[in-house]
Each structure stands twice: as structure tokens, then as C-alpha cells.
Amino acid sequence: MTAETIAATTSSVTIHPGWVRVCHWINALAILAMIGSGWQIYDASPLFDFEFPRSIALGNWLGGALLWHFAAMWVLVVNGLVYVTLGLVTGRFRRKLLPIYPSQVIADVKAALTFKLAHDDLSHYNAVQKVLYTGIIITGVLIVASGLSIWKPVQFQEITAFFGGYDIARYVHFFAMAAIVAFFVVHVALALIVPRSLRAMVTGR
Ligand code: HEM
């Protein structure tokens, strides 16, 4: 097989089907709107001894931020339900994210820290990617559930009780946001370091 044939064969492999790419980019936009407006809402009643600068927040004031937050919430939840349902039904989550072996995670973290983690095969996630993607999907469920319990603590009182009450649900919501921001920084940096992976999330191949 010539180098051209190998290149042609490998470039035609579908790595991310259309539904993954559409859901992924809608999710990225919705998350940015949720976080930006969430920071502005936080500033109206901070949990900690700091506020987010208005220049990086969305909505300009509490009322505007709430409108953004509740509009993007529907996009995030509907899109998230489509992604999680298809991920489970098509077997993608099982194939791409499981199993996760702790020994493999430790080995891959060590390899990543010494810049020896291979990225040749984009169709296969290494153990670090599996942990990060599974973790961020669970964090997504957590941030929506804690958000529902502080938005409608009477109507969703079972979920609020699950978190141990309104006040704790607020902290859970905040720390889930912080985890998503941390994931986002690492995730985007890695996508830029390995541009082929970014191309695959755009074109699918
Ligand atoms: C502008 C921002 C973003 C960029 C450039 C980006 C880029 C990418 C790329 C290139 C991949 C494929 C990576 C690979 O092969 O390992 C990917 C996958 C993924 N990203 Fe992002 N991403 C962004 C935002 C987000 C956000 C905000 C989330 C969630 C909070 C997210 C969650 C995921 C997940 C769960 C996957 C795995 C999807 C699957 O295989 O089913 N991404 N992203």
C-alpha cells in the first residue's frame, strides 16, 4: 500500500458522527452563555469574598443575566438530553469511554506529563480522555440538577433534598461551574496543541 493510499484510507474514517459534532458545538456555545451569565448572577449575591469582573460576565446586570441564563438553559438541557440519549442508545459511550482502568489512567497521566502520550489514533480515546469526558458528562448532569433545585426548590424539592438543601445545592452549582471552567481551559489547550483533533470535531474525519 502506498503512502497516498494509506492517507486516503485513514482520512475517510469517520471519527465523530454528525450528531456528536452538532451536539458538541451547540453545547460549547450554550455552556459559554451559561457561565458568563452565571458569573453576573453570582455577583448579585456572592458566595465568597470575590466578584467576577463585569467585563467578562454576560447580561450587564442581574435581570439581563437571568434572561440569558434561562434562555441558554433550554438549549443546554435539550441538547444534552439528545447527546446523552444517543450516546447510550448507539453504544458510543460504552465503546469510546469505557472501561476505565485506574492503572491505565496513572500510566497515561505519567506519559502526558512527560509529553510521551501518543495522539496517532484519533478514533481511540486514551485513559485520561476517557476520565475527562466521562467526568464532564457527569458534571453536566450535576450542574443541571443543582441548577433546577435552586431555580424551583419547591417544585423540585426531591432534588433539592438530595443535595441536602438549597444552600448546599448553591455550593454544588458553583463548584460544578468551577470544574467545567477548569476542564474547558485544559480541553481547549489540548485541542489547539493537537489541531488534527479539532479538525476531526469539525469535519468528522
Ligand atoms: C471552544 C471550545 C471547545 C473546543 C475547541 C473543543 C474541542 C473538542 C475536540 C477537538 C474534541 C475531540 C477531542 C479528541 O479527539 O479528544 C472534543 C471532544 C469533546 N468535548 Fe470539546 N471543545 C470545546 C468545548 C467543550 C465544552 C464546553 C465541553 C463540555 C463542557 C466539551 C466536551 C467535550 C466532550 C464530552 C467531548 C467528547 C465527545 C465524544 O466523543 O462524544 N467541549 N472537544
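Residues numbered from 1 in each chain as written. Predicted model: local features only at pLDDT ≥ 70, side-chain atom pairs only at ≥ 80, totals over all residues. Heavy atoms only, no water.

With respect to the packing of helix α2 (residues 18–44) against helix α8 (residues 166–193)
And then number 1: Where α2 contacts α8, the two axes come as close as 11 Å, and the packing angle between them is 130°. As the angle between them shows, α2 and α8 are arranged oblique. Considering only the axes of α2 and α8, their crossing is left-handed. Contacts between α2 and α8 pair His24, Ile31, Leu32, Ile35, Trp39 and Tyr42 from the former with Phe174, Met177, Ile180, Val181, Phe184 and His187 from the latter.
And then number 2: The residue inventory of the contact of α2 with α8, partitioned by class, reads 10 nonpolar, 2 polar and no charged. (Axes fitted to C-alpha atoms, helices over the stretch in contact; angles between N-to-C directions. Helix = DSSP H or I, 4+ residues; strand = E, 2+ residues; numbered from the N terminus. Parallel < 35°, antiparallel > 145°, perpendicular 65-115°, else oblique. Left-handed = near helix turned anticlockwise from the far one by under 90°. Contact = heavy atoms within 4.5 Å. Nonpolar A, V, L, I, M, F, W, Y, C, P; charged D, E, K, R; others polar.)

Some details on a nonpolar patch on the surface
And then number 1: Taken together, the side chains of Leu32, Phe184, Val188 and Leu192 define a hydrophobic patch exposed on the protein surface, amounting to about 350 Å² of accessible area.
And then number 2: A per-element tally of the nonpolar patch places α8 first, with 3 residues.
And then number 3: Positionally, Val188 belongs in helix α8. (Patch = residues over 30% accessible without salt bridge, like charges linked within 9 Å, V, L, I, M, F, W, Y side chains within 5 Å. Areas by Shrake-Rupley, 256 points an atom, 1.4 Å probe, with all protein chains shown as cover. Salt bridge = Lys/Arg side-chain N within 4 Å of Asp/Glu carboxyl O.)

Examining the coordination of the iron atom of the ligand
And then number 1: Around the iron atom of the ligand, the donor atoms from the protein are His24 (NE2) and His187 (NE2), and they sit 1.9 Å away.
And then number 2: Its 6 donor atoms give the iron atom of the ligand angles of 83 to 179° at the centre, a pattern that matches the octahedral case. In this pair, His24 sits in helix α2 while His187 sits in helix α8, placing the two residues 163 residues apart along the sequence.
And then number 3: Using a relative accessible area of 22% as the deciding quantity, one classes His24 as partly exposed. (Donors = N, O, S within 2.8 Å, 3.2 Å for Na, K, Ca; no water. Tetrahedral: all angles 85-135°; square planar, octahedral: opposite > 155°, others 65-115°. Buried < 20%, exposed > 50% of the residue type's maximum accessible area, 1.4 Å probe, protein only.)

Looking at the packing of aromatic side chains
And then number 1: All chains considered together, the criterion is met by 17 aromatic pairs.
And then number 2: For the ring pair Phe174 and Phe175, a centre distance of 5.6 Å and an interplane angle of 90° mean the geometry is edge-to-face.
And then number 3: Overall, the relative accessible area of 12% leaves Phe174 in the buried class.
And then number 4: Among the residues examined, Phe175 registers a relative accessible area of 47% and is labelled partly exposed.
And then number 5: Among the aromatic residues, those joined into a cluster by ring pairs are Trp39, Tyr42, Phe48, Phe50, Phe52, Tyr171, Phe174 and Phe175.
And then number 6: The ring of Tyr125 carries Lys96 above its face, with NZ or CZ at 4.6 Å from the centroid. (Phe/Tyr/Trp six-rings, centres within 6.5 Å; stacked < 30°, edge-to-face > 60°. Lys NZ or Arg CZ within 6 Å of the ring centre and 35° of its normal.)

Here we look at the environment of Leu117
And then number 1: Tracing the backbone through its elements, the reader meets Leu117 in the loop between α5 (102–113) and α6 (127–151).
And then number 2: Taking the C-alpha atoms as reference points, Leu117 and Val128, 11 residues apart in sequence, are found 9.8 Å from one another.
And then number 3: Contacts of Leu117, omitting those with residues within four sequence positions, involve Asp108, Ala111, Ala112 and Asn126.

Observations regarding the layout of surface pockets
And then number 1: In this structure, the second largest pocket occupies an estimated 750 Å³ of space.
And then number 2: Taken together, 30 residues make up the lining of the second largest pocket; nearest its centre are Gly38, Ile41, His69, Ile150 and His173.
And then number 3: Among the secondary structure elements, those contributing two or more residues to the lining of the second largest pocket are α2, α3 (62–89), α6 and α8.
And then number 4: Per-element tally for the lining of the second largest pocket: the top contributor is α2, with 8 residues. (1 Å grid on protein atoms, 1.4 Å probe; cavity = no way out; pocket = protein on both sides within 12 Å on 5 of 7 lines; lining within 4 Å. Points joined across faces, edges and corners; volume = space filled by probe spheres on them.)

What about unusual backbone geometry?
And then number 1: Cis geometry is adopted by the peptide bond preceding Pro99, which originates at Leu98 and carries an omega value of -5°.
And then number 2: Examined against the element boundaries, Pro99 turns out to sit in the loop between α4 (92–97) and α5.
And then number 3: The residue Asn60 is not glycine, and still its phi comes out positive at about 75°.
And then number 4: Along the polypeptide, Asn60 turns up in the loop between α2 and α3.

Some words on the nonpolar core
And then number 1: Ile35, Trp39, Phe52, Leu97, Phe174, Met177 and Ile180 are the most contacted members of the largest nonpolar core, which totals 25 residues.
And then number 2: It is α2 that provides the largest number of residues to this core, a total of 7 residues. (Core = buried A, V, L, I, M, F, W, Y, C linked by side-chain atoms within 4.5 Å.)

A short note on the side chain of His16
And then number 1: You can see His16 is positioned in the loop between α1 (3–11) and α2.
And then number 2: In contact with His16, not counting residues within four places along its chain, are Arg21, Arg92, Tyr125, Ala200, Met201 and Gly204.

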